[in-house]
Amino acid sequence: MEEAAEGELMYLSVAELPARGYSAMEEIRRRGRLCDVTLKVGEHKYSAHRIVLAASIPYFHAMFTNDMMECKQDEIVMQGMDPSALEALINFAYNGRLAIDQGNVQALLIGASFLQLQNVKDACCTFLRERLHPKNCLGVRQFAETMMCTVLYDAANSFVHQHFVEVSTSEEFLSLPAEELSELLGREELNVRSEEQVFEAVLAWVRYAQDCREELLPELLRRVRLPLCRPQFLTDRVQQDELVRSCHKCRDLVDEAKDYHLMPERRPHLPSFKTRPRCCTSIAGLIYAVGGLNSAGDSLNVVEVFDPIANRWERCQPMGSQRSRVGVAMVNGLLYAIGGFDGQSRLSTVEVYNPESESWTRVASMATRRSAMGTAVMDGHIYVCGGYDGICSLSSVECYSPEADKWAEVTPMSACRSASGVSVFEGRIYVSGGHDGLQIFNTVEYYNQHTAAWYPVSSMFNKRCRHGAAALGSQMYVCGGYDGSGFLSAAEVYSSASDQWSLITTMSTRRSRVSLVPNCGRLYAIGGYDGQSNLSSVEMYDSESNRWSFMAPMVCHEGGVGVGCIPLLTI
């Protein structure tokens, strides 16, 4: 046999040795052998090995390796910890296993925070987040704030907003301190079908401890957007309530709300938040892609729906008419398909889809035939802005009342705009870009329904028509479109506070005739045309990371769709 070359080495690696070693140390500790430290909580004492605690728990690593006073002590007192939680975390240090349940999760999270066990803290937060309920979410939110668990706090806060009506009947809600209730009532994100539900929640809270809370009612009612309540509700319910009737400050607020309905000329003098409907952007919704074009450029009556949680498109009941460049709006859980082009002529007809019955029905037609118009929903009414009637671009604006099933003309825009971007932002209708048949605009104007007038704001960086526009939170976004010489992937965001536009990350794909819709705190850019072909692809924008990412493509469409979003949550 040849002699081994000088310096030649052989390595032995036993992968399971560390785990086997910890298992052996756990058995040694169970027998009470070789332990060199005792942790004490009250009358409870737990023996352990310093080396294991230092290796597994950051708090003890710092204590035993930095010559702290406790480093030499045989017995260490652990102040403020739950005995059973400490025992479970010591066991976790040896075997890496921890049983979390409703009874111990808070104690474990407190102990893990103290011992700097981030993985245990995260697991406890996940446990609580997955078990949020209208009856416990306020308590979890408060606990998360105390423990500085940001992700859990945000999740609980969002849950409170999404399920406000159910939360308002819980014991936790009725026991809220007045300042916390007031702060909650001021939130834009409350998910309510009408402001009347907020009023009922306030009355329930006051009556829960009426003797000491009755005097707080006027201040709380100022947080309720009473002008958004129906006139008959103000007269028959609010005004007749004994607590309201016995307080002149409350009666003044009711009179202010009634004046809103009786004297529109006084509306501009009301605080803007009182007349702005709440908008819960964190609720996931089903996105409907309506009409549009196929690869041959033919108009379609096809409708498909996207579930963002499953990331899946499915075909649903088609419309009665073929419609491309169609306006889409959602009101009271119903989806409206408005106007458009059927392949031969521009349409004034309107049909509405009921997801529960999965059926389309016709409603009143617009006064004007329109395609490529913008649509917006404000205060339960549908507005259509501009568009193309087959001869020229339009400046006219029509407003539809679902209750009356009637259209009425309102103040026209300052310019004729076809293929503009339209969105509701901070209680106003914003119209961006578009074209008049001769030029493409970068100008932007908004409609104030209280003054029935249009006002200009700062122009976009890019001229755009056939682009997507949507509001999300405190900002308004536009993306894609056509500028007269090229198809755009560029996107911009507008802040009304500064009256300025800023560029954000461009989309991955150039998209003209793109639809942009907010959903669950994200923006979805759907379909479009890249200059060569119609698109079925979908991109999602996350404002926190300023990134676009692809989602599942449409299965039945290839661009030019109208889109609308119906919340998955029903109240």
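Residues numbered from 1 in each chain as written. Predicted model: local features only at pLDDT ≥ 70, side-chain atom pairs only at ≥ 80, totals over all residues. Heavy atoms only, no water.

On to the overall build of the chain. When helices and strands are tallied, the chain shows 17 helices and 27 strands. Referenced to the eigenvectors of the C-alpha coordinate spread, the extents of the chain come out at roughly 95 × 90 × 45 Å. Put simply, the chain has 571 residues, and 49% of those count as buried. Here the analysis covers contacts within the chain between residues at least 6 apart in sequence; of these, 55% occur between residues at least 24 apart. For the chain, the accessible area works out to roughly 27,300 Å², and carbon and sulfur atoms hold 49% of it. A gap of 3 Å separates the mean positions of the 52 positive and 68 negative side-chain charges of the chain. (Helix = DSSP H or I, 4+ residues; strand = E, 2+ residues; numbered from the N terminus. Buried < 20%, exposed > 50% of the residue type's maximum accessible area, 1.4 Å probe, protein only. Contact = heavy atoms within 4.5 Å. Areas by Shrake-Rupley, 256 points an atom, 1.4 Å probe, with all protein chains shown as cover. Lys, Arg positive; Asp, Glu negative; His and termini not counted. Charge placed at Lys NZ, Arg CZ, Asp CG, Glu CD.)

As a further point, take the nonpolar core. Counting 79 residues, the largest nonpolar core has Leu-53, Phe-60, Met-78 and Phe-173 as the members making the most contacts within it. Those residues in contact with Phe-60, other than ones at most four positions away along the chain, are Leu-39, Leu-53, Ala-54, Met-78 and Leu-115. Core analysis: the next-biggest nonpolar cluster, separate from the first, contains 15 residues, Phe-306, Ile-526, Val-538 and Val-561 among them. (Core = buried A, V, L, I, M, F, W, Y, C linked by side-chain atoms within 4.5 Å.)

Okay, the pairing of strand 19 (residues 468-472) next. Among the five residues in strand 19, five count as buried, and that is most of the element. Across the two faces of strand 19 the burial is the same, with Gly-468, Ala-470 and Leu-472 and Ala-469 and Ala-471 all buried. Relative to strand 20 (residues 475-479), strand 19 runs antiparallel, the two sharing five bridges. Opposite Ala-471, over in strand 20, you have Met-476 as the bridge partner. (Pairing = 2+ DSSP bridges.)

With that out of the way, let us pick up unusual backbone geometry. A positive phi angle, near 55°, is found at Asn-311, a position not held by glycine. For Ala-419, which is not glycine, the phi torsion reads 60° and is therefore positive. Here Ala-419 lies in the loop between strand 14 (406-410) and strand 15 (421-425).

To continue, consider the sheet that holds strand 3 (residues 75-77). One open sheet holds the three strands; their spatial order is 2-1-3, and the pairing between them is mixed. Either end of the sheet is taken by a strand with one partner, and the two such strands are strand 2 (44-48) and strand 3. Each adjacent strand pair in this sheet contributes to an overall mean axis angle of 25°, direction not counted. Two elements, strand 1 (residues 37-41) and strand 2, share five bridges in a ladder whose sense is antiparallel. Its bridge partner lying in strand 2, Leu-39 is registered against Tyr-46. (Axes fitted to C-alpha atoms, helices over the stretch in contact; angles between N-to-C directions.)

On to the sheet that holds strand 5 (residues 303-307). Spatial ordering of the open sheet is given by 6-5-4-27, a layout of four strands whose pairing is antiparallel. Where the open sheet ends on each side, the last strands, each with one partner, are strand 6 (312-316) and strand 27 (562-567). On average, each strand axis in the sheet is tilted by 25° relative to the strand beside it, whichever way the strands run.

The final tally for this structure, using the stated rule, is 23 aromatic pairs. Ring centres of Tyr-482 and Phe-487 lie 5.0 Å apart, and the angle between their planes is 40°; this geometry places the pair in the tilted category. Taken together, the ring pairs in this structure connect Phe-425, Tyr-430, Tyr-446, Tyr-455, Tyr-494 and Trp-501 into an aromatic cluster. The ring of Phe-127 has Arg-131 sitting right over it, with the charged end atom 3.7 Å from the ring centre. Against the face of Trp-205 rests Arg-213, its NZ or CZ located 3.9 Å from the ring centre. (Phe/Tyr/Trp six-rings, centres within 6.5 Å; stacked < 30°, edge-to-face > 60°. Lys NZ or Arg CZ within 6 Å of the ring centre and 35° of its normal.)

We now examine helix 3 (residues 58-65). Buried within helix 3 are the following residues: Tyr-59, Phe-60, Met-63 and Phe-64. End-on view of helix 3: buried residues confined to an arc of 110°, all on one side of the axis. On its buried face, helix 3 is in contact with strand 1, helix 2 (50-56), strand 3 and helix 5 (105-115). (Arc of directions from axis to C-beta.)

Taken as a whole, this structure holds 19 salt bridges when the rule is applied. A salt bridge links Arg-207 to Asp-241, with the nearest nitrogen and oxygen atoms 2.8 Å apart. With a gap of 34 residues between them, Arg-207 in helix 12 (residues 195-208) and Asp-241 in the loop between helix 15 (231-238) and helix 16 (242-245) connect regions that are remote in the sequence. Judged by relative accessible area, Arg-207 falls into the partly exposed class, the value being 34%. (Salt bridge = Lys/Arg side-chain N within 4 Å of Asp/Glu carboxyl O.)

Turning our attention to the packing of helix 15 against helix 17 (residues 248-262). Running from N to C, helix 15 and helix 17 point in directions that differ by 155°, and their axes come no closer than 9 Å. The orientation of helix 15 relative to helix 17 falls into the category roughly antiparallel. Classified by chirality, the crossing of helix 17 by helix 15 is left-handed. Across from Pro-231, Leu-234, Thr-235 and Val-238 in helix 15, the residues of helix 17 making contact are Val-254, Ala-257, Lys-258 and His-261. Residue classes in the contact of helix 15 with helix 17 are distributed as five nonpolar, two polar and one charged. (Parallel < 35°, antiparallel > 145°, perpendicular 65-115°, else oblique. Left-handed = near helix turned anticlockwise from the far one by under 90°. Nonpolar A, V, L, I, M, F, W, Y, C, P; charged D, E, K, R; others polar.)

Another aspect to go through is helix 11 (residues 178-185). Here helix 11 has its buried residues at Leu-181, Ser-182, Leu-184 and Leu-185. On an axial view of helix 11, the arc spanned by its buried residues comes to 160°, and they lie on one face.

Looking now at the pairing of strand 6. Alignment of strand 5 against strand 6, held across five bridges, turns out to be antiparallel. The partner of Asp-307 across the bridge, within strand 6, is Arg-312.

A cluster of nonpolar residues, Leu-12, Val-14 and Leu-17, forms a patch on the protein surface that exposes about 300 Å² of accessible area. Position of Leu-17 among the secondary structure elements: in helix 1 (residues 17-30). (Patch = residues over 30% accessible without salt bridge, like charges linked within 9 Å, V, L, I, M, F, W, Y side chains within 5 Å.)

Attention now goes to the side chain of Asn-191. Looking at the secondary structure, you find Asn-191 in the loop between helix 11 and helix 12. Residue Asn-191 is classed as buried on the basis of its relative accessible area, which comes to 12%. Engagement of the side chain of Asn-191 in a polar contact is seen with the backbone oxygen of Gln-162, the distance being 2.9 Å. (Polar contact = N/O pair within 3.5 Å; in protein donor to acceptor, adjacent residues only side chain to side chain.)

A covalent bond between the sulfur atoms of two cysteines is referred to as a disulfide. Following the criterion strictly, the structure yields zero disulfides and no others. Of the cysteine sulfurs around Cys-149, a residue in no disulfide, the closest is that of Cys-125, at 3.6 Å. We note that Cys-250 lacks a disulfide partner, and the nearest cysteine sulfur, in Cys-247, lies 3.5 Å from it. (Disulfide = S-S within 2.5 Å.)

Note that every value here comes from positions in space, so none of it alone points to a role or purpose.
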